[in-house]
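Listed below are the residues making up each chain.
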Amino acid sequence: MKNFLLCALVLFFSSLLEASVHSADRRSNRLLRFIAQQEGARDFALHQVIGARCNRYLPQDRKGPCRTGVKKLIELLDYDVIFSDKILAPWNPNNTWTPSSFVFIAFKANLVDLLSNSLTETFLDDLNQELYRFISGNKRDLNIWSVTKKYFRTDHDAAKVMAALFQDTSSRKLHLAYLETAGTEGGAQFQSNKELLSRVIDTINLVLDMSEDNYRMLFYPRELQRDLNRNLYHFYVPLYLAKALAASGQPEDIALAAPLMLTLSYEFLTSSQDYRYLFSDPETVALVSKVKDIYAGYAGTKLGLRGFGFIPFETVRSAFERSSREGVTLLLGP
């Protein structure tokens, strides 16, 4: 998601800046700094990019409602990007500025609220212990979704936890780096929970080092484990957004479609090294890893609102190999 936002916004704002600059680096730095200061314009750009897919793939009478749903989706994303001379994160020990020195966050308020909650401490401590039991071979049936549901009882709340706390399980931990760089403060438990979450993510990466299959088994429902990549946000962000959109009063078909349009925008845009797919789409998608990430977005929204009963992955893969439109139409079907 973070790369999608950057690529989309860089192209959109490039027309707003002076063209007479002396180097690509200088142009990138000025552009990125400008974007970081234009929150309202960022939202407009993102709405334009995702809304283009609503116009392309939804029936005529659902295009407008889909664009309205996307507007609400952007509000729910509650995202930010910080570009700074000093990025306080382990992967940037010298605090150097480069065009790629940024930190991204989604679900800002949810993340701060959860890290300020005493229940989160109990949950993370238990989860870390369960993960170590798994690593040692004493807990072979562990599933993190089930552990989350034990503490956050509803599917909506559990999805909110997964989307906010585990939005970046790489060693970069961009959401935690954001909190440091922005100087964010929370409640009494905030700092200790932030440190505990960092340790849990480190433990998760130990599991990944053991086996990527273990990682899928830990994080995904059994029915989907073989068909998804290891990037959790492709699954849990659409799952949470679908449930949150429905809870906000959006019609079910729009709560399903809007997060899928976000996923498609990201995957189509990153299908090329340039920006040719910012507002248009590739004729086909043959790369299996990309189809898996699209399928994750579909499966997350479907599970969030309609439960199990997914179109088989191979059927979806074959459709996208023939035509992107055919693949999207299949996913949007009843």
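Residues numbered from 1 in each chain as written. Predicted model: local features only at pLDDT ≥ 70, side-chain atom pairs only at ≥ 80, totals over all residues. Heavy atoms only, no water.

Some words on the overall build of the protein
Heads up, the rule is: In this text, helices come from DSSP runs of H or I with a minimum length of four residues, and strands from runs of E with a minimum of two, each type numbered from the N-terminal end. Each residue is assigned to one of three classes by its accessible area relative to the maximum for its type, calculated with a 1.4 Å probe on protein chains only: buried under 20%, partly exposed between the two thresholds, exposed over 50%. Two residues form a contact once any of their heavy atoms are found within 4.5 Å. For every accessible area listed, the method is Shrake-Rupley and the probe measures 1.4 Å; residues are considered covered only by the protein chains on display.
Helices and strands together make up the secondary structure of the protein, namely 16 helices and 2 strands. For the protein, the residues scored as buried account for 53% of the 334 residues in total. Considering only contacts in the protein between residues 6 or more positions apart, those separated by 24 or more positions represent 70%. For the protein, the exposed area adds up to about 14,600 Å²; of that, 48% sits on carbon and sulfur atoms.

Re the side chain of S265
Note the following rule: Pairing of N or O atoms within 3.5 Å defines a polar contact, subject to two protein rules: one partner must be a possible hydrogen donor and the other a possible acceptor, and residues neighboring in sequence count only if both atoms are side-chain atoms.
By the secondary structure assignment, S265 is in helix α13 (residues 252-269). Within the structure, the side chain of S265 is placed 2.8 Å from the backbone oxygen of M261, a separation counted as a polar contact.

A word on the environment of P251
Relative to the helices and strands, P251 resides in the loop between α12 (233-247) and α13. As for P251 and P65, which are separated by 186 residues in sequence, their C-alpha atoms are 8.6 Å apart.

Structural notes on the packing of helix α15 (residues 313-322) against helix α16 (residues 324-332)
Rule in force here: Whenever a helix is involved, its axis is fitted only over the stretch in contact; in every case the axis is a line through C-alpha atoms, and angles between N-to-C directions fall within 0 to 180 degrees. All amino acids are sorted into three groups, where Ala, Val, Leu, Ile, Met, Phe, Trp, Tyr, Cys and Pro are nonpolar, Asp, Glu, Lys and Arg are charged, and the leftover types, Gly among them, are polar.
As a packed pair, α15 and α16 sit with axes 5 Å apart at the nearest point and diverge in direction by 145°. Across from T315, V316, A319, F320 and R322 in α15, the residues of α16 making contact are S324, E326, G327, V328, L330 and L331. Residues of the contact of α15 with α16, tallied by class, amount to 6 nonpolar, 3 polar and 2 charged.

Let's talk about α13
The condition that has to hold: Expected helix span is taken as 1.5 Å per residue step, with the number of steps being one fewer than the number of residues.
For α13, which comprises 18 residues, the first-to-last C-alpha distance of 26 Å matches the rise-based estimate of 26 Å (1.5 Å per residue) to within 8%. Most of α13 is tucked away, with 16 of its 18 residues classed as buried.

Points about the packing of helix α8 (residues 155-165) against α12
Let me state the cut-off plainly: By definition in this entry, angles of less than 35 degrees are roughly parallel, angles greater than 145 are roughly antiparallel, angles of 65 to 115 are roughly perpendicular, and the rest are oblique. By convention, the crossing between two helices is left-handed when the near helix turns anticlockwise from the far helix through less than a right angle, and right-handed when the turn is clockwise.
In contact at an axis separation of 8 Å, α8 and α12 are set at 140° when each is read in the N-to-C sense. Considered as vectors, α8 and α12 are oriented oblique to each other. Seen along the crossing, α8 lies across α12 with a hand that is left-handed. Taking contact as the criterion, the partners of D155, H156, A159, K160, M162 and A163 in α8 are, on α12, Y236, V237, L239, Y240, K243 and A244. Across the contact of α8 with α12, the residue classes tally to 8 nonpolar, 1 polar and 3 charged.

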